[in-house]
Amino acid sequence: MRFVLRILKALALLLVLLVITAAGWLFIRPPELLSVGDGYAAKIVCSNVFIAGRGAEDVLHDDVQAPGNPLLRLVRVSVDRDNDRVTARFMGLFAPSYALYRGAFGCASVPDGNFEAAANAAPFDPPAKMQANDALWPEGEGIDNPADGKVAALLADAGVAGPAMRAIVVVRNGRIVTEAYGPGFSAKTPLIGWSMTKTVNAAVLGRLMLGGKISFDDDNLLAQWKNDARARIKVSDLLGMESGLAFNEDYGDVADVTRMLYLDPDMVSLPANAPMEAAPGQRFRYSSGTAVLLSRIWMDRVGNAQAAFSYPHDALFSPLGMTSAVFELDARGTFAGSSYLYATAHDWARFGQFLLQDGVWNGQRLLPEGFVGAMRTPTAASNGRYTQGQAWLAPGGPSAAFGLPEDTFWLTGHDGQSVAIVPSANLVVVRLGLTPSRLDYQPQVLLKAILAALPQPGGPQQQAGSQRQTQPQP
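Report follows, based on the coordinates. (Residues numbered from 1 in each chain as written. Predicted model: local features only at pLDDT ≥ 70, side-chain atom pairs only at ≥ 80, totals over all residues. Heavy atoms only, no water.)

Thoughts on the packing of helix H7 (residues 196–210) against helix H12 (residues 305–320)
At step 1: Packing of H7 against H12 brings their axes to within 10 Å, and their N-to-C directions diverge by 90°. If you check the angle between H7 and H12, you find them roughly perpendicular. The segment H7 lies against H12, with Val200, Ala203, Val204, Arg207 and Leu208 engaging Tyr311, Pro312, Ala315, Leu316 and Phe317.
At step 2: Across the contact of H7 with H12, the residue classes tally to nine nonpolar, no polar and one charged. (Axes fitted to C-alpha atoms, helices over the stretch in contact; angles between N-to-C directions. Helix = DSSP H or I, 4+ residues; strand = E, 2+ residues; numbered from the N terminus. Parallel < 35°, antiparallel > 145°, perpendicular 65-115°, else oblique. Contact = heavy atoms within 4.5 Å. Nonpolar A, V, L, I, M, F, W, Y, C, P; charged D, E, K, R; others polar.)

Right, dumping it as structure tokens:
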């Protein structure tokens, strides 16, 4: 009996030593996967608390833990409102990661904990905040007609709207005809676009093209590429995701994309130092790193840092009346053009309507002629799925396979974000939510149902709607 007790005591001691050793290892040198998870949690909670005004625990549970890796369920967060910071720790103890709120420029992941550098990277003179008004959308936030009954019924069908839908806005002939929101969300809630940000970032670059400061054919884009093969990469190669740069976009592990977003305070560093794996224009590789490079390139072309920080607001958001738009900077002062634009569904719809109108707003051309055309033109290397302008033609399969008009093109983003643009139907459909890809939701189902339910072009209701329209059409 004594022998058995000694064995049990020895095993208990061994177990304690193993726990202490494991805890020390997690504390001193945590695995990168835990740091990525904590960085993701801190960033998402920060943006939703400070930009969208949501509760930290709700965001942690609904946005971070419910749809993600099971390890994320062990992450705990704390919000320091006095210093505008969020801290996330695995089990409340290990692999601390941080995010910092910087007003008009939203939140930034601060993986190195250098809050001073992150604060100094954002300008102290942000663009003035725009105020929404009650005029009819898109000039303001007003809606002038009751919801279309057939379309409203569709949006109430979870099988059509998709799991965890947060916002749907349907725009026909330049006016909102129907909208719907999930529990806890409204027309005033800014929501993340994830990779839809890429298309907006491309439009910001397009504004510079209109002023002659950059072109599709420009090469020698970064100083560090000057003396190697990367000097041949053109702006057009980056816009079409055909740069030839290696980049791993796998979100299931510690890959280039998660390392860039959550482990590196300077998001430009990793893609700027990526090796070539193919000649420019020869291979399609979807890459969030490419979009961040485009941000850095257009910011450098603006002329000075302060003007670059204000440029998205001054050149795009203000003219379009996107009063809610928050385009976030990384911890070293580059716009996160791959992922981080928050805006209300009404403002995402404004951007979609802007593209529907070929880059013209209130009679003023804001994008060069042909720029939106590039967003609708497929690249050969992507087998017709992606376009020459950071948008999609066939995100889940060709439009014809879903019975959709051939001129349909898309903004799409992680977890079920989409803006469908159908010029032939004069239609824009925004769908935002938290719908992981594993659920196999396809927004084409929603778009097809809406097209079938709306009055056909030339019908009495359609003509009446056209007469109310105030925005110019392409």
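There is more to say after this.
Some points on the state of the cysteines
Two cysteines form a disulfide when their sulfur atoms are joined by a covalent bond.
At step 1: Scanning the entire structure with this criterion turns up one disulfide.
At step 2: Across the disulfide, cysteine 46 is cross-linked to cysteine 107 (sulfur-sulfur distance 2.1 Å). Between cysteine 46 and cysteine 107, the S-S torsion sits near -75°, and that sign places the bridge as left-handed. You can see cysteine 46 sitting in helix H2 (residues 32–50) and its partner cysteine 107 sitting in strand E4 (residues 107–109), a full 61 residues away along the chain. (Disulfide = S-S within 2.5 Å.)

Some words on the pairing of strand E13 (residues 417–422)
At step 1: Burial within E13 is extensive, with six of its six residues counted as buried.
At step 2: Residues of E13 alternate between two faces, with Gln417, Val419 and Ile421 on one and Ser418, Ala420 and Val422 on the opposite face, all of them buried.
At step 3: Relative to E13, strand E12 (residues 409–413) runs antiparallel, the two sharing five bridges. Bridged to threonine 412 within E13 is serine 418. (Buried < 20%, exposed > 50% of the residue type's maximum accessible area, 1.4 Å probe, protein only. Pairing = 2+ DSSP bridges.)

Quick word on the sheet that holds strand E8 (residues 326–327)
At step 1: Pairing within the open sheet is antiparallel, and its three strands lie in the order E7-E9-E8. Among the strands making up the open sheet, the edge pair consists of strand E7 (191–192) and E8.
At step 2: In terms of strand pairing, E7 meets strand E9 (residues 341–343) through two bridges, oriented antiparallel. Paired with leucine 191 across the bridge in E9 is alanine 343.
At step 3: Contacting E7 and E9, helix H13 (residues 345–356) runs over the sheet at an angle of about 110° to E9.

Concerning helix H15 (residues 443–453)
At step 1: When you tally the buried positions in H15, you get eight out of eleven residues, the bulk of the element.
At step 2: Buried within H15 we find Pro443, Gln444, Leu446, Leu447, Ala449, Ile450, Leu451 and Ala453.
At step 3: Those residues of H15 that are buried are in contact with helix H5 (149–155), helix H6 (158–161), strand E5 (165–172), E12, E13 and strand E14 (427–433).

Quick look at the side chain of threonine 412
At step 1: Structurally, threonine 412 can be placed in strand E12.
At step 2: The class of threonine 412 is buried, set by a relative accessible area of 17%.
At step 3: At 3.2 Å, the side chain of threonine 412 and the side chain of tryptophan 392 are in polar contact.
At step 4: Setting aside its immediate chain neighbours within four residues, threonine 412 contacts Ser195, Met196, Trp392, Pro395, Gln417 and Ser418. (Polar contact = N/O pair within 3.5 Å; in protein donor to acceptor, adjacent residues only side chain to side chain.)

Quick look at the sheet that holds strand E6 (residues 175–181)
At step 1: Strand order across the open sheet formed by five strands is E6-E5-E14-E13-E12, with antiparallel pairing between neighbours. In the strand order of this sheet, the two ends are held by E6 and E12, each with one partner. When the angles between neighbouring strand axes are averaged without regard to direction, this sheet yields 5°.
At step 2: Bridge count between E13 and E14: five bridges; the pairing is antiparallel. When the sheet's bridge partners are listed, valine 422 is paired in E14 with leucine 427.
At step 3: Where H7 meets the sheet, it contacts E12, E13 and E14, and its direction lies at approximately 120° from that of E12.

Honestly, that's just the spatial picture; any functional story needs more than this.
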